[in-house]
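# Examining the three-dimensional arrangement
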Amino acid sequence: MLKSLRSQLTTIWTILQHSFSRCETVQYPEQKPYLAPRYRGRIVLTTDPDGDERCVACNLCAVACPVDCIALQQGTREDGRWYPEFFRINFSRCIMCGMCEEACPTNAIQLTPDFEMCEYDRQNMVYEKEHLQIDGPGKYHDYNFYRVSGLAIKGKDKGEAQNEAQPIDVKSLLP
Amino acid sequence: MPVITIDNQEYSVKEGDNLLQACLGLGLDLPYFCWHPDMGSIGACRQCAVVQYQNTEDYRAGSRGRIVMGCMTQVTDGAIFSLNGDKASEFRKTIVESLMLNHPHDCPVCAEGGECHLQDMTVMTGHRDRHYRGKKNTHRNQYLGPLIHHEMNRCITCYRCTRYYNNYAGGKDLAAMAAHDHVYFGRHQEGVLESEFAGNLVEVCPTGVFTDKSLVNDYSRKWDLQSAPSVCTHCAVGCNTLPGERYGKLKRVHNRYNDEVNGYFLCDRGRFGAKFVNSDKRINNPGLRDEHGRYNIIDPHQALHQLVEACQGDNNIAAIGSPRASVEANFLLKTLAGEQHYSPGFNAQEQSLAQLALSLQQHSAATIPSIKDIECADAIFILGEDLTHSAPRIALALRQSVRNKAYALAAELKLQPWQDAAVRNLAQDQRSPLFVAAVTDTRLDDIAEQCHHLAPDDIARLGYAVAEQISGKANASDEPANTIAQALLSAQRPLIIAGSSCGNAAIMQAAAAIADALALRKNENAGNSMLCLTLPEANSLGQAMLSPNEAPSIEALAERAYKIDTLIVLENDLFRRAPAAVVDKLLQSVTTLIVLDSLETPTLATSQLALPAASVAESEGTIVSLEGRAQRYFPVSECQGERRASWAWLLACLKELGHPEAANIHRFDDITLACSAAQPMLKGITLAAPDHFYRNAGVKIPRQPQRYSGRTAMRANVSVHEPKQTEDDETALAYTMEGLNRHQPGSLLPFVWSPGWNSNQSLHKFQTETGGPLKGGTAGKRLLDNRQNNNNQQKNSQQAVATTAPAAFQASAGQWLLVPRQRIFGSDELSSYSDNLAELLSDASIEINSADASLLQVKNGDGLSLGENLACLRVVINNTIPQGCAAYSVGIAGTFNLTLGQRVSLQKASDWQRPKQADVIASDGGAHV
């Protein structure tokens, strides 16, 4: 009997203490909490420092996606770059796990701290490339895949990528 | 069998194998690059290194052992190896690091990524960081034609490409150039790769140097491709293929291994020609022509109603089947129209030749060889065929069979056949004898001991002369028959190849006469002679089996066209088969013309009712290849639009009509059963593949690999509510990634993948031994298997063969005999609708020799008009063509009025304008182009 009374009083005391601690509840949406840049919210496609789209349609995000909510089709541009002809994310399936970002070899796909994407109609949760593509490099400012990779594109010939020697002249007899 | 020890475990392995083969056969993962099961070992890449120990004490004492290359080490009894020991794995890791030294960091934009042997091996060896700080070598790429994409930076110099292209496929324009770390694999200058088998470079290259160009520009990863076992429909060889589909489009065709048919390789017509299924000419909806001559789209129920109405009542129905449609669809059409009113879809010449090929093969005392048997032949005589263009995969097999001489020499020195460089060095230019008697030069002339360019009848006469020499009826001075006969007689496994290309029955009969004479004269220890007869289309032999000899040909139907009310044409473009006058007569006299086809052909464009048929990639069916092998193809994807499989249209019609024979037919398997019951010769077709009840350990076989992506987003633009996966009630395959793709029968293998082995090299996980049959058995069922019962047939063999040679060919003034010039790209109907081959198709031409040309006062590039407005073709002067003969490009638009073996007058066309050719960068090929 005494034991249970003590337990009740302890509980009341603990709760009373909370009246003096800082309130954790935020008056959302009037007040917005701070979300770190690495927060996993709405997905965007970014551009490289030169302003061209980063996505090379390698399909790695799609295969990494545990709910298979990314679908895209590769195409080749006239300048030799691979790009997604369409790029679709079904956000009604997306679980914001960030695996696509982890998988992306070009830092194209990135998750942003924006999570406010409720819709009355699920169909509006399907984002196409024009809804995903932003004009900026996102979290990673410097990386430019085509400057690193050996594939020649217009404006970057063979031998001009990072750590590459000039193309070999096959007909030369020099060592 | 030798017993070897690998990492303390004893294994018994096959005598004579190399260690790499043995390890892979045992299911052990040993990385490799340059070795290929069909091309042997050269020990170039140093990747399959293992440590060998002297003896048990040596191993136990922890000695260093010695590093040996798995692919160059023959297994010997009691040998001790370490595969996973530190030294061996460390060595392999450094090797892959050095191979990767110049690799360009472009996997995301490489079409090989995800099915790359180099990726797999790099992961398998555990290499990660590049320690070398120097710069990477780079190379400029070459334009290698519209089919193959070249990205030289990715090369690891394993030499597989040149070994395949030059040594295996007999190509001459791909080579390793420069030296040391500058080695470059390419042509001496940019241009289209000449070999008809260049497409295999895509699969042979362990990395992304050679990739499929059309795939590169419309790419999907291997894990995203839905695929199903299929059969190539572009010639009668019946190679097994794996088409891959994504977003409703056929993305690419890969080889499906079948140890008895195509092995590891396809020809370029099969690999790149199948893109016709994406053609703009495909029809998606049924169309009914109105009184203004326009087609109106109608819904499938209306279309079926129209079809049923046209077949009902007192209407006289006639039907034309097709040698490019499945046995099942043809069988239903035959049931619908009745036997007397059903034409198998051949013209008169094709029909008699197909029937002749069938009866010769049935009654021959010789064996009907599979491609694998052809590769074993040690003396070959080809009569009247340019095989590289008429049955390409056989030509590739023949390039291997002439190497049997080399293997025989190697065996004398106890050299294993997989010691590729040694065997080639030993043999140099010594080859098993191959004799070609053809009307023109052929692509096999370079490996032939003798080439004879003769008129068709003279080829047959030569054939008969050889047969007489063999049976000892003629005197020995008759050359060249005597030389050929002696070569064939001294061979262990002689092979005779002929076919219907020349439109000449005597050639096939002569071939059969030689094969029979050899079979009767064979000495005790020799194998049987082999007889291979080629036919033009995928199901030509199946159609010959389905229809009796006296079935009406297209011409015969045209004769009685006035009696026909409704004519149903199944997947057949009649204008390709008979002169326009005959076809017009037929099509215009019938009241209702109904055409069921997948493509908008000229025949379909004249129909009243057009029904959209599913292509080979969307439907199931059985076809019979030239060796009599019944093979089943399965739908890769669901039908688009309102397309339906031809059999489904016809079955629905029969059901509506209440046809008694259709009462028990409810699905595809029932048709196969009914057909095999009705046609004794086709009894075996049910065994071509398991029926729809088959389950692999209780589950269906998936068409999609385990990593198939985008399932919940692919159709989200249409509706976010995902539909249920399509159920496949007709086959044992499922349109899902769920199921089991392992150990099932070979005819149901939809893709090859094994953990850690993402590339097509994972095939060895599906084989009983490297290069051996699949674990689930070889796909297909041979309907003409006379390998067992030869002895019974020897007696009646002579009955079928006409023994009299035709009269010698006489050139007559003003009249030229029409002979064929086959082309790998263009002579086949379906592949000519393929977009990616368009650049390689050339216009129709006529080839004559220079004496005839000067007689006609024409030169290269002039126009010749044939007969009375039969055709007008570009002249090509080719001195291999016998005088009095003129070779025209078969199957190419502008030549359909011509018939093989016909004699026509030639005249210089006065108002000839040279057709504009596509600007393909010229390759320095022979005169045949």
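Model, not experiment: these values are computed from the prediction.

Take the overall build of chain B next. On a plain count of helices and strands, chain B comes out with 28 helices and 38 strands. Counting only C-alpha atoms, chain B reaches 95 × 80 × 60 Å along its principal axes. Counting over 929 residues, chain B shows a buried share of 63%. For chain B, contacts bridging at least 24 residues in sequence account for 74% of all contacts bridging at least 6. Carbon and sulfur atoms make up 48% of the accessible area of chain B, which totals about 33,700 Å². One way to put it: in chain B the 84 positive side-chain charges average out to a point 5 Å from where the 99 negative ones average out.

Within a sheet, adjacent strands bond to each other through the backbone by hydrogen bonds, running parallel or antiparallel. Residue and element names in this part refer to chain B. Across the sheet, five strands lie side by side as 2-1-5-3-4; this open sheet has mixed pairing. Of all strands in the sheet, those bounded by a partner on one side alone are strand 2 (9-12) and strand 4 (66-69). Between one strand and the next, the sheet's axes are offset by a mean angle of 40 degrees, whatever the strand orientation. Note: strand 1 (residues 3-6) against strand 5 (residues 80-82), two bridges, orientation parallel. For Ile6, the partnering residue across the bridge sits in strand 5 and is Phe81. Contacts from helix 3 (residues 86-99) reach strand 3 (49-53), strand 4 and strand 5 within the one sheet, and its direction differs from that of strand 3 by about 155 degrees.

Before going further, it helps to examine the side chain of Asn90 of chain A. Looking at where Asn90 of chain A falls in the secondary structure, it is placed in strand 3 (residues 82-90). The class for Asn90 of chain A is buried, based on a relative accessible area of 0%. When near neighbours in sequence (up to four residues on either side) are disregarded, Asn90 of chain A contacts Cys69, Met125 and Val126 of chain A together with Thr712, Ala713, Ala716, Val720 and Glu722 of chain B.

The interface is formed by 46 residues belonging to chain A together with 53 residues belonging to chain B. When chain A packs against chain B, the two sides together hide about 3,800 Å² of surface, and 53% of this comes from carbon and sulfur. Ranking the residues of chain A by area buried against chain B places Asp68, Trp82 and Ile168 of chain A at the top, with a combined share of 17%. For the pair chain A and chain B, the number of links is four salt bridges.

Turning our eyes to something else, we now look at the pairing of strand 2 of chain B. Looking along a regular strand, one sees the side chains alternate between the two faces of the sheet. When strand 1 of chain B meets strand 2 of chain B, the two strands line up antiparallel, connected through four bridges. Paired with Ile4 of chain B across the two strands is Tyr11 of chain B, which belongs to strand 2 of chain B.

UniProt annotation of "domain: 4Fe-4S Mo/W bis-MGD-type" (unreviewed entry) refers to residues 225-281 of chain B when read in the numbering used here. For residues 225-281 of chain B, helix accounts for 11% and strand for 32%, while the C-alpha atoms at its two ends are 24 Å apart.

In this section: the pattern of salt bridges. The final tally for this structure, using the stated rule, is 52 salt bridges over all chains. Among the ionic pairs, Arg77 of chain A bridges to Asp79 of chain A, the shortest N-O distance being 2.9 Å. Here Arg393 of chain B makes a salt bridge to Glu375 of chain B, at a shortest N to O gap of 3.9 Å. Here the residue Arg393 of chain B occupies a position in helix 14 (residues 392-401), and Glu375 of chain B occupies one in helix 12 (residues 371-376), the gap between them amounting to 18 residues. Each member of the salt-bridge network shares a partner with another, and the members are Asp48, Asp52, Glu53, Arg77, Asp79, Arg81 and Lys129 of chain A.

Residues and elements named next belong to chain A. Listed under "binding site: [4Fe-4S] cluster 2" (unreviewed entry) in the UniProt record, and renumbered for this structure, are Cys65, Cys94, Cys97 and Cys100. Annotated residues spanning 36 residues; largest pairwise C-alpha distance 10.6 Å, indicating a single compact cluster. Counting through the fold element by element, Cys94 comes out in the loop between strand 3 and helix 3 (99-103). Those residues in contact with Cys94 that lie beyond four places of it in its chain are Ile43, Val67 and Cys69. With respect to the helices, strands and loops of the structure, Cys100 is situated in helix 3.

All names here are of chain B. One can read the domain layout of chain B as domain 1 (3-99), domain 2 (283-355 + 536-625 + 645-657), domain 3 (368-528) and domain 4 (816-908). The partner domain 4 presents 14 residues to the 15 residues of domain 3 that form the contact. Both faces combined, the contact of domain 3 with domain 4 buries some 1,200 Å², and carbon together with sulfur accounts for 62% of it. Here domain 3 is connected to domain 4 by two salt bridges. We note a salt bridge from Asp441 to Arg821, for which the minimum N-O separation is 2.7 Å. Between the two partners, domain 3 and domain 4, sit five residue pairs in polar contact (both at pLDDT 80 or more). Grouping the constituent residues of the side of domain 3 that touches domain 4 by class yields six nonpolar, seven polar and two charged.

With that settled, the discussion passes to the pairing of strand 14 (residues 249-255) of chain B. Residue and element names in this part refer to chain B. Counting buried positions over the seven residues of strand 14 gives six, a clear majority of the element. Pairing geometry for strand 13 (residues 240-246) and strand 14, over six bridges, is antiparallel. For Pro243, the partnering residue across the bridge sits in strand 14 and is Val253. In this antiparallel pair of consecutive strands, strand 13 and strand 14, the connection spans two residues, and Tyr247 shows a positive phi of 50 degrees.

According to UniProt, the feature "domain: 4Fe-4S His(Cys)3-ligated-type" (unreviewed entry) maps to residues 87-126 of chain B in the numbering used here. Helix and strand shares over residues 87-126 of chain B are 55% and 0% respectively, and the end C-alpha atoms of the span are 14 Å apart.

A few words now on the environment of Cys239 of chain B. Looking at where Cys239 of chain B falls in the secondary structure, it is placed in the loop between strand 12 (230-231) and strand 13. The contacts of Cys239 of chain B, once residues within four sequence positions are left out, are Ser230, Val231, Cys232, Val261, Asn262, Leu266 and Arg393 of chain B.

Let us now look at helix 22 (residues 580-589) of chain B. Residue and element names in this part refer to chain B. All buried positions along helix 22 are accounted for by Val583, Leu586 and Leu587. Burial along helix 22 is one-sided: seen end-on, the buried residues are contained in an arc of 90 degrees. Every exposed residue of helix 22 that faces more than 90 degrees away from the buried side is listed here: Ala581 and Gln588. On its buried face, helix 22 is in contact with strand 17 (317-320), helix 21 (554-559), strand 24 (566-570), strand 25 (592-597) and helix 23 (602-605).

A separate point is the environment of Glu479 of chain B. Residues and elements named next belong to chain B. Structurally, Glu479 can be placed in the loop between helix 17 (456-470) and helix 18 (481-489). Judged by its relative accessible area of 47%, Glu479 falls in the partly exposed class. Counting along the chain gives 32 residues from Glu479 to Ile447, while the straight-line C-alpha distance between them is 20 Å. Here the side chain of Glu479 touches Thr483 through a polar contact of 2.3 Å, side chain to side chain.

Moving on: the environment of Gln302 of chain B. Tracing the backbone shows Gln302 of chain B in helix 9 (residues 300-311). Judged by relative accessible area, which is 41%, Gln302 of chain B ranks as partly exposed.

All names here are of chain B. Within the largest apolar cluster, 193 residues are counted, with the highest numbers of intra-cluster contacts made by Tyr164, Phe381 and Ile394. Looking at which element gives the most residues to this core, the answer is helix 19 (residues 505-521), with 11 residues. Residue contacts for Ile394: discarding those within four places in its chain leaves Val237, Ile371, Ile374, Leu387, Ile497, Cys532, Thr534 and Leu626. Counting residues in each nonpolar core, the second largest holds 35 residues, with Leu19, Leu24, Ala79 and Met100 among its members.

Turning our eyes to something else, we now look at a nonpolar patch on the surface. Together, Leu5, Leu9 and Ile12 of chain A make up a nonpolar patch on the protein surface, roughly 310 Å² of accessible area in all. On the secondary structure map, Ile12 of chain A appears in helix 1 (residues 2-18).

To continue, consider the UniProt feature "binding site: [4Fe-4S] cluster 1" (unreviewed entry) in chain A. According to UniProt, the feature "binding site: [4Fe-4S] cluster 1" (unreviewed entry) maps to Cys55, Cys58, Cys61 and Cys104 of chain A in the numbering used here. The named residues occupy 50 residues along the chain; their greatest pairwise C-alpha distance, 10.3 Å, places them in one compact cluster. Within the secondary structure, Cys58 of chain A is located in the loop between strand 1 (43-45) and helix 2 (60-64). Contact partners of Cys58 of chain A, with chain neighbours within four places excluded, come to Pro105 of chain A together with Pro108 and Arg221 of chain B.

The rules behind these values
- Residues numbered from 1 in each chain as written.
- Chains lettered and ligands numbered in written order.
- Predicted model: local features only at pLDDT ≥ 70, side-chain atom pairs only at ≥ 80, totals over all residues.
- Heavy atoms only, no water.
- Helix = DSSP H or I, 4+ residues; strand = E, 2+ residues; numbered from the N terminus.
- Buried < 20%, exposed > 50% of the residue type's maximum accessible area, 1.4 Å probe, protein only.
- Contact = heavy atoms within 4.5 Å.
- Areas by Shrake-Rupley, 256 points an atom, 1.4 Å probe, with all protein chains shown as cover.
- Lys, Arg positive; Asp, Glu negative; His and termini not counted.
- Charge placed at Lys NZ, Arg CZ, Asp CG, Glu CD.
- Pairing = 2+ DSSP bridges.
- Axes fitted to C-alpha atoms, helices over the stretch in contact; angles between N-to-C directions.
- Buried area = accessible area lost by both parts, 1.4 Å probe.
- Salt bridge = Lys/Arg side-chain N within 4 Å of Asp/Glu carboxyl O.
- UniProt positions renumbered as here; feature names shortened; annotations may be inferred.
- Domains from an automatic or database assignment.
- Polar contact = N/O pair within 3.5 Å; in protein donor to acceptor, adjacent residues only side chain to side chain.
- Nonpolar A, V, L, I, M, F, W, Y, C, P; charged D, E, K, R; others polar.
- Arc of directions from axis to C-beta.
- Core = buried A, V, L, I, M, F, W, Y, C linked by side-chain atoms within 4.5 Å.
- Patch = residues over 30% accessible without salt bridge, like charges linked within 9 Å, V, L, I, M, F, W, Y side chains within 5 Å.

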